[in-house]
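Spelled out from the first residue to the last, the chains are:
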Amino acid sequence: MKQAIVARADLGMGEGKLAAQVAHASLQAYEEADARAQREWKGSGQKKIVLQANNERELFEINESADVEGLPHALVRDAGHTQLEPGTATTVAVGPATERAVDAITGELSLY
């Protein structure tokens, strides 16, 4: 079991902002998973990886792929209180799901 969180590299988010957006995406996608996937992921160490998307279009494509494949996923839009404009899409989390399923969508992306 695995979760991949993909963050936009083109926004220039500070480290704290990036960490917060990644955490939002991780938790929201976890909440979308069924109880079995939640238990299995938690019981196996909550494996996760942070990857990068080059722009908003890539983020939306990953989100759409996860939706089509029926995987738990969450797209985060910033509230706009600090560094970004309100509604800016920042991250998308895919999983928890099997490593194979997550890698089929995110396996070509670079580490953040």
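See the structure above.
Residues numbered from 1 in each chain as written. Predicted model: local features only at pLDDT ≥ 70, side-chain atom pairs only at ≥ 80, totals over all residues. Heavy atoms only, no water.

Before going further, it helps to spend a moment on the overall build of the chain. Secondary structure summary: the chain contains four helices and four strands in total. Here the C-alpha radius of gyration of the chain, 13 Å, is about what a compact globule of 112 residues would show, namely 13 Å. Summarising its shape, the C-alpha atoms of the chain cover approximately 35 × 25 × 20 Å along the three principal directions. Sorting the 112 residues of the chain into buried and exposed places 43% on the buried side. Considering only intrachain contacts with a sequence separation of at least 6, the fraction spanning at least 24 residues in the chain is 73%. Carbon together with sulfur atoms contributes 46% to the accessible area of the chain, which is approximately 6000 Å² in total. (Helix = DSSP H or I, 4+ residues; strand = E, 2+ residues; numbered from the N terminus. Rg over C-alpha atoms; globule rule 2.2 N^0.38 Å. Buried < 20%, exposed > 50% of the residue type's maximum accessible area, 1.4 Å probe, protein only. Contact = heavy atoms within 4.5 Å. Areas by Shrake-Rupley, 256 points an atom, 1.4 Å probe, with all protein chains shown as cover.)

Under the criterion given, the structure shown has one aromatic pair. Summarising the aromatic geometry, the rings of Y30 and W41 are spaced 5.8 Å apart at their centres and angled 40° between planes, so their arrangement reads as tilted. Here Y30 is found in helix 1 (residues 15–32), whereas its partner W41 is found in helix 2 (residues 35–43), with eleven residues between them in sequence. Owing to a relative accessible area of 18%, Y30 belongs among the buried residues under this scheme. (Phe/Tyr/Trp six-rings, centres within 6.5 Å; stacked < 30°, edge-to-face > 60°.)

Moving on: the nonpolar core. Nonpolar side chains tend toward joint burial in soluble globular proteins. By size, the foremost hydrophobic cluster in this structure holds 14 residues, and its most contacted members are V6, L59, I62, L71, V94 and I105. Elements that contribute at least two residues to this core include exactly strand 1 (2–8), strand 2 (48–53), helix 3 (56–69), strand 4 (89–97) and helix 4 (99–106). When residues in this core are grouped by element, the largest group, four residues, is from strand 4. Beyond its immediate stretch of four places on either side in the chain, L71 contacts A66, V94, A97, A101, V102 and I105. Listed in part, the eleven residues of the second largest apolar core include I5, A25, V76 and A93. (Core = buried A, V, L, I, M, F, W, Y, C linked by side-chain atoms within 4.5 Å.)

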